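# Inside the fold
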Amino acid sequence: MTIRPAQSTPLIAALERLGPRDHLCSIYESQQEHFAVAVSFIRIGLDRGEKCVYIAGDGTLGDVREALQAEGIDVDRAVASKSLVSTTNEQAYLKRGSFDLDWMFSFWKEATELAMSEGFSALRAIDETEWILRGTFGLERWMEYESRLTHSLSQSNCVALCPYNRRLFPPELVLDVIRTHPIVVYGNTVCRNLYHVPPDEFPGSDNPAREVDRLLNNIWEHERVESALREKQDELRRTQEILVADISQRKRAEEELRRSETYLAEGQRLSHTGSWARNVSSGEAFWSQETFRIFAFDAEKTKPSYPMFLERIHPDDKPGVEQTVDTAVHEKRDWELDYRIVLPDVSIKRVHAVGHPVVNEYGDLVEYIGTVMDVTDQHQGRAALEKAFDEIKTLKDQLHRENLALREEIDQMSMFEEIVGSSPALQAVLSRIARVAPADSTVLIMGETGTGKELVARAIHKRSQRSARPFVSVNCAAVPSSLIASELFGHEKGAFTGAQQRRLGRFELAEGGTIFFDEIGELSAEAQNALLRVLQEREFERVGGSHPISTDVRVIAATNRDLRAAIAAGTFRLDLFYRLSVFPLEVPPLRERKEDIPMLLEYFIKRYASRVGKNIKDVDKRTLELFQSYDWPGNVRELQNVIERSVILCEGEVFSVDESWLSGKPLQPNPPSRPAAGKLSDRQTEMIEAALAESKGRVSGPFGAAAKLGIPSSTLESKIKALKIRKNRFKPD
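My aim in this report is to walk through the structure given alongside it, one point at a time.

Analysis parameters
- Residues numbered from 1 in each chain as written.
- Predicted model: local features only at pLDDT ≥ 70, side-chain atom pairs only at ≥ 80, totals over all residues.
- Heavy atoms only, no water.
- Helix = DSSP H or I, 4+ residues; strand = E, 2+ residues; numbered from the N terminus.
- Buried < 20%, exposed > 50% of the residue type's maximum accessible area, 1.4 Å probe, protein only.
- Contact = heavy atoms within 4.5 Å.
- Areas by Shrake-Rupley, 256 points an atom, 1.4 Å probe, with all protein chains shown as cover.
- 1 Å grid on protein atoms, 1.4 Å probe; cavity = no way out; pocket = protein on both sides within 12 Å on 5 of 7 lines; lining within 4 Å.
- Points joined across faces, edges and corners; volume = space filled by probe spheres on them.
- Nonpolar A, V, L, I, M, F, W, Y, C, P; charged D, E, K, R; others polar.
- Salt bridge = Lys/Arg side-chain N within 4 Å of Asp/Glu carboxyl O.
- Phe/Tyr/Trp six-rings, centres within 6.5 Å; stacked < 30°, edge-to-face > 60°.
- Lys NZ or Arg CZ within 6 Å of the ring centre and 35° of its normal.
- Axes fitted to C-alpha atoms, helices over the stretch in contact; angles between N-to-C directions.
- Parallel < 35°, antiparallel > 145°, perpendicular 65-115°, else oblique.
- Left-handed = near helix turned anticlockwise from the far one by under 90°.

## Observations concerning the overall build of the protein chain
In terms of regular secondary structure, the protein chain is built from 27 helices and 21 strands. Within the protein chain, the fraction of its 733 residues that count as buried is 44%. A separation threshold of at least 6 residues defines the contact pool for the protein chain, and within that pool the share at least 24 residues apart is 69%. For the protein chain, the exposed surface amounts to about 39600 Å²; the carbon and sulfur share of it is 50%.

## Here's the deal with empty space enclosed by the protein
Applying the stated rule across the entire model yields five cavities of 30 Å³ or more. Here the largest cavity is characterised by a volume of approximately 200 Å³. Together, 17 residues line the largest cavity, and Trp276, Arg278, Trp287, Tyr306 and Phe309 are the ones closest to its centre. Secondary structure elements with two or more residues in the lining of the largest cavity: strand E8 (273–279), strand E9 (285–287), helix H10 (289–295), helix H11 (306–312), helix H12 (318–331), strand E10 (335–342) and strand E12 (365–374). Among the elements that make up the lining of the largest cavity, the one with the highest residue count is E8 (three residues). Residues of the lining of the largest cavity, tallied by class, amount to 14 nonpolar, two polar and one charged.

## Examining the pattern of salt bridges
The full count for this structure, using the stated rule, is 32 salt bridges. The partner of Asp374 in a salt bridge is Lys349, and the shortest N-O contact between them spans 3.8 Å. Of this pair, Asp374 sits in strand E12 while Lys349 sits in strand E11 (residues 348–359); the two residues are 25 residues apart in sequence, bridging distant segments of the chain. A single burial state applies to Asp374 and to Lys349, both of which are buried. Here Glu487 and Arg506 are joined by a salt bridge, their closest N and O atoms 2.4 Å apart. Note that Glu487 is positioned in helix H16 (residues 484–489) and Arg506 in helix H17 (residues 506–509), a separation of 19 residues in sequence. Here Glu487 falls in the buried class, since its relative accessible area comes to 13%. Overlapping salt bridges bring together Glu492, Arg502, Glu508 and Arg542 as one network.

## A short note on the packing of aromatic side chains
All told, the structure shown has 31 aromatic pairs when counted by the stated rule. Measuring from ring centre to ring centre gives 5.9 Å for Phe309 and Tyr339, while their planes differ by 80 degrees; the resulting arrangement is edge-to-face. Here Phe309 is found in helix H11, whereas its partner Tyr339 is found in strand E10, with 30 residues between them in sequence. Pair check on accessibility: Phe309 and Tyr339 agree, each one buried. Measuring from ring centre to ring centre gives 5.9 Å for Phe507 and Phe540, while their planes differ by 40 degrees; the resulting arrangement is tilted. Residue Phe507 is found in helix H17, and its partner Phe540 is found in strand E16 (residues 539–540); the two are separated by 33 residues along the sequence. Here the aromatic residues Trp287, Phe292, Phe295, Phe297, Tyr306, Phe309 and Tyr339 are joined through ring pairs into a cluster of three or more. Cation over ring: Arg124 sits above Phe41, and NZ or CZ is 4.5 Å from the ring centre. Just above the ring of Tyr306 sits the side chain of Arg278; from NZ or CZ to the centre is 4.2 Å.

## Digging into the packing of helix H25 (residues 684–694) against helix H27 (residues 713–722)
Remark: H25 packs on H27, axes separated minimally by 11 Å, with the N-to-C direction vectors making an angle of 120 degrees. Put simply, H25 runs oblique to H27. Taken as a pair, H25 and H27 cross one another with a handedness that is left-handed. Contacts between H25 and H27 pair Gln684, Ile688 and Leu692 from the former with Leu716, Lys719 and Ile720 from the latter.

Rendered as structure tokens:
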């Protein structure tokens, strides 16, 4: 096959050093930059007698062909000889209709074996990756594919290049791409990737501890290199001492000395370490070539001297250097210094210098010899590492806070995914939401159980200026009164038994965002007082803390109780009510917006049918009449549950409901009760034993007794010991 010879470049030379079993990615920002790597990659494979496969993106096959031909590659001839195969991602990765990770590994293995059987030396593949941004064909498994591909290629005679357009791919995805490739091409430079993550450790972006371990390992490696450099410096100093001690044998060892000086000069150049000597009595000085380079003097035109040395020292460091050297000379002892020098171009270097005294047989000081090392790069690298470590720590803390808020949000998501309905009553609520959302005012949402109060709160948050910040939900009825202060405001380490480390409260997690108090009417009197203080003063203190913490959050509260009746009964503070009800918003029950029932029915049928893999196309007419005539005392939550139950039992394509489910009397709500922890002080033993029995004797963990009681496991262990409860008797035999 005729291929016009390519001009050798550092990029081509680096690519030629790669071979089968290598897996690399190319991060580029323009099509020209992309084809500079891709065409060279294909050309090398064709020159080596490898079978080349180019998987192009949508509509780019023509561009690929033109780029190959422009570089002197006879595309038609290469295709005819089966040396070059060009295809699209639909014909390769999406051949089975979607991205199948396991099938792709078997595909590459078979393709490599086929290429070898056809007489090719190896298989070489390049694939454009923009198609994965469409997100519906397997993006969620793409990083797993890239990570495992490194291991797969190491066991086959195949080399693969994966290009990624940095202007199209989001930074977090590019970060994962870099982690999955042991070799990275960027800026026309081929680099061995120090941040490659092995398949058994990837993905790691959700594990900050592992990333810290990796950073610490890199820091350790850097320290190991520095230690080797220090050992080299000591070795050079010892070599110089030997040279001085053997000066009487210089003529006989002249040739050997010249060789040693050559090695020494090369070692000094590589380690940025220069040598020097100064006769104390005459002032005559010797500098090695590397010393001249470090101090930016011309060795051909300059005679080294101690005053020249002092001339370069930074004015702030000069007095200390002079004092240290003069004292060492007077006491005939070693000295070691770190100082800065200012060069003619006003740039600053940091150097580390060592001086050693040489005395004669009578104990008189003859001269000083020593070394000077340019440690500017090490200092800057250490500073960069410290800065990066601080940034990582800051990001880790921020990620921890956001993860906590995200977990709370996921755990307490309402039953809705979106507001469904077009009735006038609902439209009135939506209109009020649109008006109050940007205002940053406190909102009190009222409505019966199951009407979607939390959904309304989330809608207000999403349409507010705080939408980019966290939305933190607090279920006031689910938090024990003894723990409400710690839950809302956090606690310091050692604030109470079981407080083994500092914990951020909900207000800190919601900083800059929105905090939602569900069932606000269930708050204890003590918690109401604390909340009122935060609303008034916009600051709080952690439990066990002594410093006030300012807070900037928007407060939204919700209740299904009659707060005015609670105020009259003395169980809810009037001033707190006025603080919360700046903008009251009432969510209508489902019986007042029955026009929305057909739309809700269609929405939930589609939702639950897709979950269980059923195809429900129509609704029974009698069922629709029953749904519209029923009062729905449990509101949308009851409607949702009835639909989910009916979808599970539905056997055909027509949705129907058991009439008996909608004919019973509505259940009466239980009278409000205090949280379980409110009763803990009255009957601790009974409640702890019940929790231990339910958890089969397990105290800690997500299904342990401590989690069921809502208290730390260390606190529960202390109470078990104090109450002399035998927890082992609850464990299964």
